[in-house]
Amino acid sequence: MSALAQQSPWQRFVAALGTPSGAVFVLLVVLLIAASIANPRFAEPDQLVRFLARTAPIAIAAIGQFFVIVSGEFDLSMGAVIAAQVVIAGNIIGQDEAMILPGIALMLLVGVMVGLLNGVLTTFAKVPSFIVTLGMMLALYGFVRFLTGGAATGNPVDSFREIGRGLLGDVLPYSVIILVVLAVAAWLLMRSPFGHTLLAVGDNAVAARLSGTRTAGVKISAFVLSSLAATVAGILLVGYAGVHPSIGTGYEFQAITAVVLGGAVLGGGRGWVLSAAAGAIALELLFTVLNQVGTDSTWRPSVQGIIIILAVALGAVAWRTARRPPSVSRTDAARDPDPIPTPTPTPGEQ
Amino acid sequence: MNPPADSGAVVLRATGIVQSFLGTAVLHGVDLELRKGEVHGLVGENGAGKSTLMKVLAGVHQPDHGSLELDGEPIAFTSPLQAQRAGIATVYQEFTLLVDRTIAENIWLGREPRRGPLVDRARMLRDTRELLETIGVPDLDPSLPVRQLSVAEQQVVEIAKAVSLDATVISMDEPTAALADHEVALLARIIAGLTDRGIAILYVSHRLREVFDLCTTITVLKDGALVGTWPAEELDERTLVRQMVGRELSAFFPDATPGTEPGEPMLELEGAGNDFVDDVSLTVRAGEIVGIAGLQGAGRTELLHGIFGADPFSRGTMRVAGRRFRPRSPRHAVRAGLALITEDRKTQGLSLNLTVLQNALGVVRAVFPSRTRAARDAMPSALAELELVARGLDQEVQFLSGGNQQKVVLARWLAVAPGVVLLDEPTRGIDVGAKFGVYEVMRRLAASGVAILMVSSELPEVLGMSDRILVMRDGRLAGELPSTSSEEDVLALATGADEEAAA
């Protein structure tokens, strides 16, 4: 008897599609087909690329949010970080090309600082991240209003905005390249010891700590990654939409919706980072399809609200059933007369 | 107060109580009779089923079989509230008080005296004062918030609450576990007052001396079955301990690998202490297996957590492999070559949603990420050597049996090649075959020069595996015994019964 039976790659692929994080790719394909049927022009390569470029900021934000959610926390400050970064870009870079690099450096620094603060308050001050990042969101929005007076101010030089709206060789948008690079980096990071430790902390922080994990450090890193992702999203959005204090509004919830749609479990410990990006794209595709069939775009928040509730409700159930071993394979377990791990030792004696 | 006219009549009778959890029987047909005005001691080892029986009487658990009679009438409780209304009150080890509410508010919670639609605070305070006088603590102010009370006073409040419910039976779970000596005297006085009023007390305790001081009748449980019930004066502590243990060595233990000799000291403590344990001095040598025995709450797990930096020692010195080292965190300890296999693998040991491989590599990845690749390459054979039965390395550990989960826990620590291994209840909740596997791993580690410190509540395991046995009581080391000791010796030291004999 082979104690450690291995599945074939095909079996594993099919099994993976059955999990919520795998199913989002199926959803993606279905929505793509639907969009192409509703509007055949949508399936043309240049249209698809343009769609992907428009989706890149939210997909990147979703990747950042994924790290925080999978570690068992939330980051509600993302949208405000985007707004702050956009305003910083408008004010610092302005029309001075020489300021582009220092400006980007400052924005990244601000991103790191916001993430550090979110993380330190959550882990060391033990304030729930929901509250910390909500407070951060309000604080940043106040800061943005102070700087802008609530109206569009300052417009960074066009060469900076090219990052968000430009094309490489008139074909490939920079934003798509950045998305792909970041997605690959995130995928590699989740396969590194850091990524596995992040999952372990989200799954069981006590066990992780007793295994020698720096749980605080790991969570703080997740918050920093999230803020940095928001910063990058902000840089891309400036190119797209210019400077306005309302840019980024609602991105935190859209990112959370995308992560959940990508099958990650709120509370941590489960999820695939690429599924979070796929969730963001699927969400945008859904809005596109709804648009194509004539649904008023004012319904967008309602659709998003329904999706996030449905995804959370279905996700927890689906993970359990999808990964439960088929009962026939219990022949192996039959050797062991303790198939259900007994609770320690008699509940009555605790 | 009515003098108990029919003192000695049976007030509560339990017959043939069977209680199972998830298919495992915890009580196998237990009988118990409580008589008016008696203090009935309920004793037994950890896991004997004392608390479970108490919770059956309290209506927390509904027994699978068996019947209860109260004053000769058959009864069946479907909730704790019903039991309370019928006059069976329970004082749990963990109090159920609201710490920011006053004594009076706690006692009358949910049944506050009213005046019209509002709570009659004056009457509530007056009634509480009377109640506290009745049970013999007139100087406790009913308007004090519970947070300001000592543990003993909180217990008094719990008892007062029980009395206010007109209880005819009061069960107390380990009432003296957290009390100082003079507080125990207060409790004894209160209990005497209650029995004078004809209330029957069921007294669950590990402290045999108090059981003898307080109880008129003693019932012994062992492994969920009734051993017997005796009048207290017919027993002495030695006999009682033998009744509690009274079993053959049922498990079998692998012999030490030939050539395993104690080497250099790997772990040394001198006067180590933190908030939970005090003044612990011990030495574990390379190749040695040292067992730590003691009752629940004696501070065994806390000692391991101190050594491992999870609750760092604040006093004393600690040396690892001869060098002074006091870990500030588990990470610090792991880096110095320590490993801790926790008591509860599900809440403290594993990430249940992650796979076998992810869990097995958990410690390496967290602490020594540069060694991950080598550890991953070695893992399949390491798991095979542990005879892990799983559908694959990518199966989630939550679907493994307890024994196989424990093998994954062992694998994740073996992967970092520790020099000192701390084991907390290493075979809890796993079957005999898997237990033997754990014992073999321990022998193999010892043979390779690892120092092992094992906490276990299973005395046969402690006696069968240890080279030496340290016994803890009340957060301190009570003494050391050779591996040739008997279960009675260990239990006597753990309960303090020997001091009585020596005095």
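Residues numbered from 1 in each chain as written. Chains lettered and ligands numbered in written order. Predicted model: local features only at pLDDT ≥ 70, side-chain atom pairs only at ≥ 80, totals over all residues. Heavy atoms only, no water.

**Notes on the overall build of chain A**
Move 1: Per the secondary structure count, chain A includes 15 helices and two strands.
Move 2: The proportion of buried residues among the 350 residues of chain A is 50%.
Move 3: Considering only contacts within chain A whose residues lie at least 6 apart along the sequence, 79% involve residues at least 24 apart.
Move 4: Counting only carbon and sulfur atoms, one obtains 70% of the accessible surface of chain A, whose full area is about 15500 Å². (Helix = DSSP H or I, 4+ residues; strand = E, 2+ residues; numbered from the N terminus. Buried < 20%, exposed > 50% of the residue type's maximum accessible area, 1.4 Å probe, protein only. Contact = heavy atoms within 4.5 Å. Areas by Shrake-Rupley, 256 points an atom, 1.4 Å probe, with all protein chains shown as cover.)

**So, the overall build of chain B**
Move 1: Looking only at helices and strands, chain B features 19 helices and 22 strands.
Move 2: Taken against the 2.2 N^0.38 rule, which gives 23 Å for 503 residues, the C-alpha radius of gyration of chain B at 25 Å falls within 12% of a compact globule.
Move 3: Evaluated residue by residue, chain B yields a buried proportion of 56% over its 503 residues.
Move 4: At a minimum sequence separation of 6, the contacts of chain B that also span at least 24 residues come to 67%.
Move 5: Element-wise, carbon and sulfur atoms account for 49% of the exposed surface of chain B, whose accessible area totals about 20300 Å².
Move 6: Charge-centre separation for chain B: the mean point of 50 positive side chains lies 8 Å from the mean point of 68 negative side chains. (Rg over C-alpha atoms; globule rule 2.2 N^0.38 Å. Lys, Arg positive; Asp, Glu negative; His and termini not counted. Charge placed at Lys NZ, Arg CZ, Asp CG, Glu CD.)

**Side note on the pairing of strand 18 (residues 338-341) of chain B**
All names here are of chain B.
Move 1: Residues Leu338 and Leu340 of strand 18 are buried on one face, and the alternating residues Ala339 and Ile341, pointing to the opposite face, are buried as well.
Move 2: By the bridge criterion, four bridges tie strand 18 to strand 19 (residues 420-424) in an arrangement that is parallel. Among the inter-strand pairings, Ile341 is bridged to a residue of strand 19, identified as Leu423. (Pairing = 2+ DSSP bridges.)

**A closer look at helix 4 (residues 78-93) of chain A**
Move 1: For helix 4 of chain A, which comprises 16 residues, the first-to-last C-alpha distance of 22 Å matches the rise-based estimate of 22 Å (1.5 Å per residue) to within 8%.
Move 2: Gly94 of chain A, located one to two residues past helix 4 of chain A, shows a positive phi value of around 50°. (Expected span 1.5 Å × (residues − 1).)

**Observations concerning the nonpolar core**
All names here are of chain A.
Move 1: In terms of nonpolar packing, the biggest core is built from 87 residues, with Ile63, Phe66, Phe67, Ile82 and Phe160 touching the most fellow members.
Move 2: Sorting elements by how many residues they give to this core places helix 3 (residues 45-70) first, with 13 residues.
Move 3: Residues contacting Phe66, with those up to four places away along its chain left out, are Met190, Val259, Ala264, Gly271, Trp272, Val273 and Ala276. (Core = buried A, V, L, I, M, F, W, Y, C linked by side-chain atoms within 4.5 Å.)

**Topic: the pattern of salt bridges**
Move 1: Applying the stated criterion to the full structure yields 24 salt bridges over all chains.
Move 2: A salt bridge links Lys219 of chain A to Glu73 of chain A; the nearest nitrogen and oxygen atoms lie 2.7 Å apart. One end of the pair, Lys219 of chain A, is in helix 11 (residues 215-241); the other, Glu73 of chain A, is in the loop between helix 3 and helix 4, with 146 residues separating them in the sequence.
Move 3: With a shortest N-O distance of 3.5 Å, Arg428 of chain B and Glu343 of chain B are connected by a salt bridge. Of this pair, Arg428 of chain B sits in the loop between strand 19 and helix 16 (432-447) while Glu343 of chain B sits in the loop between strand 18 and helix 11 (345-349), placing them 85 residues apart in sequence.
Move 4: Owing to a relative accessible area of 10%, Arg428 of chain B belongs among the buried residues under this scheme. (Salt bridge = Lys/Arg side-chain N within 4 Å of Asp/Glu carboxyl O.)

**Digging into the pairing of strand 9 (residues 169-173) of chain B**
Residue and element names in this part refer to chain B.
Move 1: With five of five residues buried, strand 9 is to be regarded as a mostly interior element.
Move 2: Burial along strand 9 is two-sided: the residues Val169, Ser171 and Asp173 and Ile170 and Met172 are all buried.
Move 3: Bridge count between strand 6 (residues 88-91) and strand 9: four bridges; the pairing is parallel. Directly across from Ile88, in strand 9, lies its bridge partner Val169.
Move 4: With five bridges joining them, strand 9 and strand 10 (residues 200-204) adopt parallel strand pairing. Pairing of Ile170 across the sheet is with Ile201, part of strand 10.

**A closer look at the environment of Ala230 of chain A**
Residues and elements named next belong to chain A.
Move 1: Secondary-structure assignment places Ala230 in helix 11.
Move 2: Each C-alpha atom of the pair Ala230 and Val68 lies 12 Å from the other, and the pair is 162 residues apart in sequence.
Move 3: Discounting chain neighbours no more than four positions away, the residues touching Ala230 are Met78, Val81 and Ile82.

**So, the domain arrangement of chain B**
Residue and element names in this part refer to chain B.
Move 1: One can read the domain layout of chain B as domain 1 (10-245), domain 2 (265-337 + 418-502) and domain 3 (351-417).
Move 2: The C-alpha-based centres of domain 2 and domain 3 are spaced at 25 Å.
Move 3: Counting from both sides, the interface comprises 15 residues of domain 2 and, opposite them, 14 residues of domain 3.
Move 4: Counting the surface lost from both domain 2 and domain 3, the interface buries some 1200 Å², and carbon and sulfur atoms represent 72% of this.
Move 5: Together, Val334, Pro418 and Arg444 form the three largest contributors to the area buried by domain 2 at its contact with domain 3, with a combined 39%.
Move 6: Where domain 2 packs against domain 3, one counts one salt bridge.
Move 7: Going through the elements one at a time, helix 10 (330-335) and helix 16 are the ones with two or more residues in the side of domain 2 that touches domain 3. (Domains from an automatic or database assignment. Buried area = accessible area lost by both parts, 1.4 Å probe.)

**Regarding the environment of Thr239 of chain B**
All names here are of chain B.
Move 1: Mapped onto the secondary structure, Thr239 falls in helix 8 (residues 237-245).
Move 2: Owing to a relative accessible area of 22%, Thr239 belongs among the partly exposed residues under this scheme.
Move 3: Separated by 210 residues in sequence, Thr239 and Gly29 have C-alpha atoms that sit 24 Å apart.

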